[in-house]
Amino acid sequence: MSQDGYTLNPITSLTTGVPTDFQFTVIGPDGQPVTDYQVEHDKKLHFIVASRDLTSFQHLHPDLTPDGTWSVKLTLPKAGAYRAFADFVPAGGKKLTLGADLQAAGDYRPEPLPHVSRTAAVDDYTVNLAGDLVPGRSSKLTLTVSKDGEPVTDLEPYLGAYGHLVALRAGDLAYLHVHPEESEQAGPEITFYAEAPSRGDYRLFLDFKHEGKVRTASFTATATLSDGHAPSATHDHSH
Ligand SMILES: [Cu+2]
């Protein structure tokens, strides 16, 4: 919630299933809301909201008023605990990711983490994941987008690249640092470098834009040392 003198400060409380104008501020080292931000990946601030069980994910871009209040239309789709992340660079500062817990009242039924898979489907699209998360260092992940079985070669730029990847650790929702590889090609492959801080399971969320619409493909992946004992693609969560 706080780092380097900056604190994420939610203002609005939320009701399960009700679209709400959610407001927050980032309080700076001087105790005042931050009003100057650097643009990164086309936006001054990226706002990610994930349910604690990682079955709900939203990547939103709030609007900033001159007094430093951010606002965004937000719906928490089901009851339970959520983690919100604000990813930004204060003017003259360095990149920060601050988190805050959000609560949606009601009957909470946590869902198990979806099984490890190298394939994700969203609408008419299929996305394949190549590469492995490696604990403690940066690793290359390549995501390949196809539609109706054909490679998609006309992805549209989204947030300064042909896709945007967010990775969260299952269990505590630690937020991974992910960089896109610059590419001149509009698909079907999108390449990222991700740093997994530890062994364990992670949930990856790829946002990509095609035919004017942003969609999210979600994967569960396991970071294991590449010692040949536990290939990540065959890790079984059922026991
Ligand atoms: Cu964003």
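In case you missed it, the structure is sitting above this.
Residues numbered from 1 in each chain as written. Predicted model: local features only at pLDDT ≥ 70, side-chain atom pairs only at ≥ 80, totals over all residues. Heavy atoms only, no water.

Caption draft 1: Examining the overall build of the chain more closely. What the chain contains, in helices and strands, is zero helices and 19 strands. Rg of the C-alpha trace for the chain: 18 Å, near the compact-globule value of 18 Å for 239 residues, within the 12% margin. Expressed as lengths along the three principal axes of its C-alpha atoms, the size of the chain is roughly 50 × 45 × 35 Å. A total of 239 residues make up the chain; the buried ones form 45% of that total. (Helix = DSSP H or I, 4+ residues; strand = E, 2+ residues; numbered from the N terminus. Rg over C-alpha atoms; globule rule 2.2 N^0.38 Å. Buried < 20%, exposed > 50% of the residue type's maximum accessible area, 1.4 Å probe, protein only.)

Caption draft 2: Structural context of the layout of surface pockets. Taken as a whole, the largest pocket spans an internal volume of roughly 220 Å³. Taken together, 17 residues form the lining of the largest pocket, with His41, Asp87, Lys95, His164 and Val178 sitting closest to its centre. Within the residue set of the lining of the largest pocket, elements represented by two or more residues are strand 15 (164-169) and strand 16 (177-180). A breakdown of the residues in the lining of the largest pocket according to their chemical character gives eight nonpolar, six polar and three charged. Each pocket or cavity is described by its volume, and for the second largest pocket that value is around 180 Å³. Looking at the second largest pocket, the residues that line it are Pro157, Gly160, Ala161, Tyr162, Pro180, Glu181, Glu182, Ser183, Gln185, Glu189, Ile190 and Thr191. Looking at the lining of the second largest pocket element by element, the count peaks at three residues for strand 17 (residues 189-195). Residues belonging to the lining of the second largest pocket are distributed by class as follows: five nonpolar, four polar and three charged. (1 Å grid on protein atoms, 1.4 Å probe; cavity = no way out; pocket = protein on both sides within 12 Å on 5 of 7 lines; lining within 4 Å. Points joined across faces, edges and corners; volume = space filled by probe spheres on them. Nonpolar A, V, L, I, M, F, W, Y, C, P; charged D, E, K, R; others polar.)

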